[in-house]
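# Report on the structure
This is what each chain is made of:
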Amino acid sequence: MMSAVRASLRSRFQGCLVGGVIGDCVGAPFEVTGSGGSPRYVRKFAEKIPSVPPGSLQFTDDTAMARSITASLIQHNGEYKPMDMAKRFASEYSKEPGRGYGGNVIDVFAALGDDKLKDAYEPAKKQFGGSGSYGNGGAMRVAPVGLCMEERFIQMIEIAKSSAQITHSNALGYNGAILQACAVHLALHADPKTFCRCTYVDKLIGIMSSQEKKDPDDNLKGAKRARMTFMGKEMSDDEVSDDESGGPETQGVYCHKLRVLKNGMVLTRGERDDLYGMTFMGKEMSDDEVSDEESGGPETQGVYCHKLRVLKKFLEKADNGTDVRMDDVVEHLGNRISAHYSVPTAIYCFLNAMHPMNDFPDYNAFQRTILYAIALDGDTDTIASMAGAIAGAYYGIEAIPKPWITACEGAEDALKKADDLYSIMVNTETSKEGAATSDEEK
Ligand code: R7I
Ligand code: MG
Ligand code: MG
């Protein structure tokens, strides 16, 4: 069962950054080979981790970018400096372009690296015909932002959003980063003795329901863009007009399917996933467990609130003794490269792995989080990395076996950087308190 021992805050900072690296390194070989999806195969791989050469499980873009965020925050004493962060992303990419970066974000790096760059947010706005990327790149690297004192919560959300917007201007992209940062932050400050999975999800729903109401134009644009990919292709605005695809207000899954039929297209598994994803619009829910009223329509809230409610239903189902199949998790939460098909999934991996799992009987809850995430297949490095960062923030570094740290490139470095970030965050709060006290004394 879940540990009731509360790790120190320092240990949790370490657990978070190291956990993120480990998820990336252990998940990466599966993303490349596409051999996730089988718990047996994942188990076999996990058995070998303690005996691989030190550092031989290599990190990818997820860790490379998280390291840039951590370094920038440390360099500026915890302050967010967009131009510094942007330049770090660009120079890290130019040093090691082969770290498995997203297909389109590399155009942003080229512009960010330009000496004449004036505004760190400008290049990202040009992505995908002006609607911005909804890839999970903003979320996959954001964990260090969540590592701060509770007093800094509002500022933390702003930094999560802005740091994501350097590369991901689509609302789905930056809202995914907000959700991931909040998941880390709440895990960091949670008390395992009183922790309740459903309350944790409710808190996240509360946060996301106000976030998704902000920037309504951006959210609609993001949602529209998400719908357009249902054909499995990246479609530009002129390829699919509103008339053809229908706005979220005008039609649902059946109209889309009929249009697909009319166009003579056959749906692949990925395309089918996208269709299911469209049900977040709340009009035609295939899943009668979550009513429209509960999930909210597009007018009131968006995809993240809906997915968190689905996630909560899965947890309740498990609590009632009903098995939740991996296929259902993939179908309803997703395992893809887009933020809205991966961030809620990572959160589910963390929460689900709190309980023992038949598939991974010999591993602790931190390890189960990583292994379960990989077994879901798809974007394995990123989902395992995000889930690992949340789990590490909750369980602390003690939950991460030393041989796993040794096996993963960059994990030792993350341990040191977590210490530096911890000292800054604790001292910043202490000095603020000191300043407040001396103000009062005056
Ligand atoms: O989001 P990003 O940094 O990629 C991160 C992912 C992680 O899984 C890493 O491990 C790495 O493998 O890549 O990079 P982007 O290029 O912004 O987005 C990734 C992909 O998402 C794009 O190449 C597109 O395939 C898809 N995508 C979109 N497709 C259609 N319309 C992102 N936004 C859109 C969109 O608006
Ligand atoms: Mg990667
Ligand atoms: Mg990935």
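Notes on the structure in this doc start here.

Thresholds, definitions, all that
- Residues numbered from 1 in each chain as written.
- Chains lettered and ligands numbered in written order.
- Predicted model: local features only at pLDDT ≥ 70, side-chain atom pairs only at ≥ 80, totals over all residues.
- Near = placed C-beta within 6 Å.
- Helix = DSSP H or I, 4+ residues; strand = E, 2+ residues; numbered from the N terminus.
- Nonpolar A, V, L, I, M, F, W, Y, C, P; charged D, E, K, R; others polar.
- Contact = placed C-beta atoms within 7 Å.
- Core = buried A, V, L, I, M, F, W, Y, C linked by C-beta atoms within 7 Å.
- Buried ≥ 20, exposed ≤ 12 C-beta atoms within 10 Å, placed from the backbone.
- Expected span 1.5 Å × (residues − 1).
- Axes fitted to C-alpha atoms, helices over the stretch in contact; angles between N-to-C directions.
- Parallel < 35°, antiparallel > 145°, perpendicular 65-115°, else oblique.
- Left-handed = near helix turned anticlockwise from the far one by under 90°.

Turning next to the site of ligand 1. Taken together, 26 residues are adjacent to ligand 1, and Gly 102, Gly 103, Ser 133, Gly 135 and Gly 137 come closest. For the shell around ligand 1, the secondary-structure elements that each account for two or more residues are α3 (61-75), α7 (137-140) and α21 (380-395). Taken together, the residues of the shell around ligand 1 break down into six nonpolar, 14 polar and six charged.

This brings us to the environment of Thr 345. For Thr 345, the location among the structural elements is in helix α19 (residues 343-352). As for Thr 345 and Ile 383, which are separated by 38 residues in sequence, their C-alpha atoms are 7.2 Å apart. Discounting chain neighbours no more than four positions away, the residues touching Thr 345 are Val 329, Leu 333, Gly 334, Asn 335, Leu 376 and Ile 383.

Take the nonpolar core next. In this structure, Val 184, Ala 387 and Ile 390 are the most contacted members of the largest nonpolar core, which totals 113 residues. Residue contacts for Ile 390: discarding those within four places in its chain leaves Ala 183, Val 184, Ala 187, Ala 346, Ile 347 and Phe 350.

Time to look at the environment of Tyr 394. Here Tyr 394 lies in helix α21. Along the backbone, Tyr 394 and Phe 350 are 44 residues apart, and their C-alpha atoms lie at a distance of 9.4 Å.

One can find Gly 78 in the loop between α3 and α4 (82-95). The partly exposed category is assigned to Gly 78, around which 19 C-beta atoms lie within 10 Å. If we skip the residues at most four places from it in the chain, Gly 78 touches Leu 73, Ile 424, Met 425 and Thr 428.

It is worth spelling out α4 at this point. Here α4 is 14 residues long and its end C-alpha atoms lie 20 Å apart, about the 20 Å a rise of 1.5 Å per residue gives. Turning to α4, its buried residues are Met 85, Ala 86, Arg 88, Phe 89, Ala 90 and Tyr 93. Packing partners of the buried residues in α4 comprise α3, α5 (105-112) and α9 (153-165).

All right, on to the packing of α19 against α21 then. The interhelical angle for the contact between α19 and α21, taken along N-to-C directions, is 50°, at an axis separation of 8 Å. Here α19 is positioned oblique relative to α21, judged by the angle of their axes. Once α19 is placed against α21, the crossing between them reads as right-handed. In contact with Val 343, Thr 345, Ala 346, Ile 347, Cys 349 and Phe 350 of α19, α21 contributes Ile 383, Met 386, Ala 387, Ile 390 and Ala 391. Split by residue class, the contact of α19 with α21 holds 10 nonpolar, one polar and no charged.

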